[in-house]
Amino acid sequence: MLDSQANEVLVSFRGIQKSYDGEALIVKDLNLDIRKGEFLTLLGPSGSGKTTSLMMLAGFETPTAGEILLGGRSINKLPPHKRDMGMVFQNYALFPHMTVSENLAFPLSVRGMAKLDIKERVKRALSMVQLEGFRNRYPAQLSGGQQQRVALARALVFEPQLVLMDEPLGALDKQLREQMQMEIKHLHQSLGVTVVYVTHDQGEALTMSDRVAVFHQGEIQQIDEPRALYERPANTFVANFLGENNRLPARLVSRDGDNCTVELGRGERVEALAVKVGAPGTPVNLSIRPERVRLNGASATARIASPGGWPNSSTWAITSASASRSVASAISLSSNQSPSSIPPWQLAMSCRSAGKWNTSVRWIRCKRHKQGRASKKAVFNRIMERITMLNSLKLTALSIGLVCAAQASAENLTAVTFGGANKQAQIKAFNEPFEAKTGHKIIAGEYNGEMAKVKAMVDTNSVSWHLVEVESPELSRGCDEGLFEEIDPSVAGNPDDFIEGAIQPCGVGFFVWSTVLAYNADKLASAPTGWADFWDTEKFPGKRGLRKGAKYTLEFALMADGVAPKDVYTVLATKEGQDRAFKKLDQIKPSIQWWEAGAQPPQFLASGDVVMSSAYNGRIAAVQDESNLQVVWDGGIYDFDSWAMPKGAKDQKAALEFVSFTLQPQQQKAFSENIAYGPANKKAVELLDPKLLKNMPTTPENIANQVAMNVTFWADYGEQLEQRFNAWAAR
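Parameters at a glance
- All residue numbers refer to positions counted from 1 along the written sequence of the respective chain.
- For a predicted model such as this one, the threshold for reporting local features is a pLDDT of at least 70, and the threshold for listing and counting side-chain atom pairs is 80 or more; totals across whole chains, interfaces and linings nevertheless cover every residue.
- As a convention, hydrogens and water are excluded, and side-chain values are obtained from all of the structure's heavy atoms.
- A run of H or I in DSSP counts as a helix once it spans at least four residues, and a run of E counts as a strand once it spans at least two, with each numbered from the N terminus.
- The buried label applies to any residue whose accessible area, calculated with a 1.4 Å probe on protein chains only, is under 20% of its type's maximum; exposed applies above 50%, and partly exposed to all values in between.
- Should any heavy atoms of two residues lie within 4.5 Å, those residues are counted as being in contact.
- Shrake-Rupley sampling with a 1.4 Å probe provides the accessible areas, and residues are treated as covered by the protein chains on show and by no other component.
- Note: pLDDT gives the predictor's confidence per residue, expressed from 0 to 100.
- Between rings of Phe, Tyr and Trp, where Trp is taken as its six-membered ring, a pair exists when centres lie within 6.5 Å; planes separated by under 30 degrees are stacked, by over 60 edge-to-face, and by other angles tilted.
- Two thresholds decide whether a charge sits over a ring: the Lys NZ or Arg CZ must be within 6 Å of the ring centre and within 35 degrees of the ring normal.
- Any Lys or Arg side-chain nitrogen located within 4 Å of an Asp or Glu carboxyl oxygen qualifies as a salt bridge.
- Two strands are said to pair when DSSP picks up at least two bridges between them.
- Structural elements are reduced to axes, namely lines fitted to C-alpha atoms, with helices fitted over the stretch in contact, and the angle between N-to-C directions of any two is expressed from 0 to 180 degrees.
- Here roughly perpendicular refers to angles of 65 to 115 degrees, roughly parallel to angles under 35, roughly antiparallel to angles over 145, and oblique to all remaining angles.
- Should the near helix be turned anticlockwise from the far one by less than a right angle, the crossing is termed left-handed; should it be turned clockwise, right-handed.
- Three categories are distinguished: nonpolar for Ala, Val, Leu, Ile, Met, Phe, Trp, Tyr, Cys and Pro, charged for Asp, Glu, Lys and Arg, and polar for the others, with Gly belonging to the last.

Some details on the overall build of the chain
Stage number 1. Within the chain one finds 25 helices and 32 strands.
Stage number 2. Across the 731 residues of the chain, 53% fall into the buried class.
Stage number 3. Here the contacts in the chain between residues at least 6 apart in sequence split such that 70% fall between residues at least 24 apart.
Stage number 4. When the accessible surface of the chain is summed, it comes to about 32700 Å², and 48% of that surface belongs to carbon and sulfur atoms.

Let's talk about the confidence of the model for the chain
Stage number 1. Residues of the chain with pLDDT of at least 70 account for 82%, and the chain-wide mean is 79.
Stage number 2. A low-confidence stretch, residues 297-380 stays under pLDDT 50, and its non-local contacts, those more than four residues away or across chains, total 156 contacts.

Some points on the packing of aromatic side chains
Stage number 1. Applying the stated rule across the entire model yields 27 aromatic pairs.
Stage number 2. Aromatic pair Phe 511 and Tyr 677: ring centres 4.9 Å apart, planes at 10 degrees, arrangement stacked. Taken as a pair, Phe 511 in strand E26 (residues 507-520) and Tyr 677 in the loop between helix H21 (665-674) and strand E31 (678-679) lie far apart in primary sequence, 166 residues in all.
Stage number 3. Note on Trp 531 and Phe 556: the rings are 3.9 Å apart at their centroids and 15 degrees apart in plane angle, and the pair reads as stacked. With Trp 531 in helix H14 (residues 531-534) and Phe 556 in helix H15 (residues 553-560), this residue pair connects regions lying 25 residues apart in the sequence. Grouping residues by exposure puts Trp 531 and Phe 556 together as buried.
Stage number 4. Within the aromatic cluster, the residues linked to one another by ring pairs are Phe 430, Phe 434, Phe 510, Phe 511, Trp 643, Phe 658, Phe 661, Phe 671 and Tyr 677.
Stage number 5. One cation-aromatic arrangement involves Arg 111 over Phe 158; the distance from NZ or CZ to the ring centre is 3.9 Å.

As for unusual backbone geometry
Stage number 1. One non-glycine residue, Asp 84, lies in positive phi territory at about 60 degrees.
Stage number 2. For Asp 84, the location among the structural elements is in the loop between strand E5 (73-74) and strand E6 (85-88).
Stage number 3. Of note, the phi angle at Gln 130 is positive, near 60 degrees, even though the residue is not glycine.
Stage number 4. Position of Gln 130 relative to the elements: it lies in the loop between helix H3 (115-128) and helix H4 (144-156).
Stage number 5. Among the residues examined, Gln 130 registers a relative accessible area of 58% and is labelled exposed.

A short note on the pattern of salt bridges
Stage number 1. Counted by the stated rule, this structure contains 21 salt bridges.
Stage number 2. Put simply, Glu 38 and Arg 211 hold a salt bridge, and the shortest N to O gap is 2.8 Å. On the criterion of sequence distance, the pair formed by Glu 38 in the loop between strand E2 (25-35) and strand E3 (39-43) and Arg 211 in strand E9 (residues 211-216) is long-range, its members being 173 residues apart.
Stage number 3. Classification of Glu 38 as buried rests on a relative accessible area of 0%.
Stage number 4. Taking relative accessible area as the criterion, Arg 211 reaches 11% and is therefore assigned buried.
Stage number 5. Salt-bridge contacts for Asp 561 lead to Arg 580; the nearest nitrogen and oxygen are separated by 2.6 Å. On the criterion of sequence distance, the pair formed by Asp 561 in the loop between H15 and helix H16 (568-572) and Arg 580 in helix H17 (residues 575-588) is long-range, its members being 19 residues apart.
Stage number 6. Among the charged side chains, a salt-bridge network with shared partners connects Arg 121, Arg 124 and Glu 159.

Digging into the sheet that holds E6
Across a sheet, paired strands are connected by hydrogen bonds in the backbone, their directions being either parallel or antiparallel.
Stage number 1. One open sheet holds the 6 strands; their spatial order is E6-E7-E8-E3-E9-E10, and the pairing between them is mixed. Here the strands that pair on one side only, and so sit at the sheet edges, are E6 and strand E10 (219-224). Taking the axes of each pair of neighbouring strands and ignoring which way they run, one obtains an average angle of 15 degrees across the sheet.
Stage number 2. Bridge analysis of E3 against E9 gives 4 bridges, and the strand direction is parallel. In the sheet register, Leu 43 faces E9, and the bridge partner there is Val 214.
Stage number 3. Those strands touched by helix H1 (residues 50-58) are E3, E6, strand E7 (162-166), strand E8 (194-199) and E9, and its axis lies near 145 degrees from that of E7.
Stage number 4. In this fold H4 packs onto E6 and E7, with an angle of close to 170 degrees to the strand it touches most, E6.

Section: the packing of helix H11 (residues 420-438) against H21
Stage number 1. Contact pair H11 / H21: the axes reach a minimum separation of 8 Å and the direction vectors enclose 150 degrees. The orientation of H11 relative to H21 falls into the category roughly antiparallel. Every pair of crossing elements has a handedness; the one defined by H11 and H21 is right-handed. Counted together, Asn 422, Ala 425, Gln 426, Lys 428, Ala 429, Phe 430 and Pro 433 of H11 and Gln 667, Gln 668, Ala 670, Phe 671 and Asn 674 of H21 form the full contact between these two elements.
Stage number 2. A breakdown of the residues in the contact of H11 with H21 according to their chemical character gives 6 nonpolar, 5 polar and 1 charged.

As structure tokens, then:
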């Protein structure tokens, strides 16, 4: 931010409130000044109000109360296109039928600029994001990072005074995300534009921002520069949300200016920095950043390490003063213990170098082993329990007084789903009956399957979801990456009551859905019988709809080429099989109309845009009362949607009680009565009306010639095949 702009206010929120139902406030009395030229990040867990605040600033949401000022002028009633703001969305929102140049020219043309001026600005914008050679490509021919650059250039091309970014990097992989962070920050510094950026990734916020506003439950908990937030958090929520943080209960003994003395449970006294503490004698929390602690094996004392730079949440320094003593001695282990003899929580602390236990100063990366699954924080707390036994303990740490930041109510459970008709069916079959039975309130959230959101919550120790609905590949990957809690299979009851594959280590499938061949019977002279007919453009001329991606598409191509459903994954696991699938796709490539959202195939079929399409069976069944859309079950691919619990979720006992409730035969029956997805509990099938069963993927005659989604196959080959598919589709 330029010094001359440092104190000039561009945007002001004055007493802003937002409610969607007239009762619960999503944003509560927001007062915030945004300085001209600064990079301000709105940071917080899901549901904290940060995105809603951004949408109100953009004009996509209307405040329930209060006023938003831009340059001192109220913009509450000003439509979005007149606010002179650029917007970058998480899903890019590029026009798929326009080239890169046409996408960039669009905001200029609607503003009535001359063609020569448009051409020059588009040229400069492409140069700014280093995409000069991509001007004639379509979005589908670009990588994720390139699409994000185009979205960024489009937001900047008309030179707005303010750029808004709604989690723009959430869908990118780690390496690309970090690269784009640097590029966005460079553009901000070089252009001097004001940026308001929304994220729940604390690393992103600390790296990129001039200031960060931390949101929680609709309120700003603290707004400050990144280092000040980290080193002087205003309350326990901010301290816990930013970085690793270990708390020990203590009592305030005395205070001397910014310093204080606290007493731990066994009488040990610790000198600390005082932040919002009360009078002597009041309870406080002693908050310790792991990367600031050094353990000395010789004298068995601990001290805060002076960090050389920004903290790394994966590592902390452990010192052994003598080479004859192992690092393990600092936590009361003998140096001759083998890994197999060390308890799981201690094994997570083990570190090897050249086949021997480390005996000198090392940065130790704490890894989660399969047994014990101990987190860095849990390990550190165990160490601190041992340290507090020492009479000579001396610590310099951060002491934070107890504050009134509300914790999530134990009676409220947040269950996040894919939304739509599926969500409404769950509310009727699961949520409302469970609330009536137990008194727990189920908050029904929505997302689009972005695993990045789950990862951000887990990584920042700010998990606000209790349960999340996931597909099988994401369940498997999330379990392997430690994003989900392991779930005791006894939650489901008798495993023999469930369709094979429903019960997994980190989740339980609660319904079955299929991707099938769908068609509009009113528009075809004869009905297709399988994927061979889908490929027959002479018998069935016209466009075909396929989900854009390797998954499902390659399997269907092999079935069209004569491979039996049961043999598809065996063939696709070979290079010859993969080549065969792509060669088959070449035959109908000019006739393919790609879809990405589940709502699109029914729309394409009803409008006559396509003659046939792959589709989710439940989406077709939902519109059959008003259309003559039909499905072909043979050659379908079925999969589970499962409940998973994000790692570190609170109120786990109540959440598992809800999971168990949703798996009961009566609840499974009620769900399938509201949407044509098959129950995972086989006993529920016996309770369903035979008229409904004909639309269920789990009915014996419907599932007989389908194939289960092979999660292991896609875990092994997914990345390779998706890359090949993207390259093929772009040609």
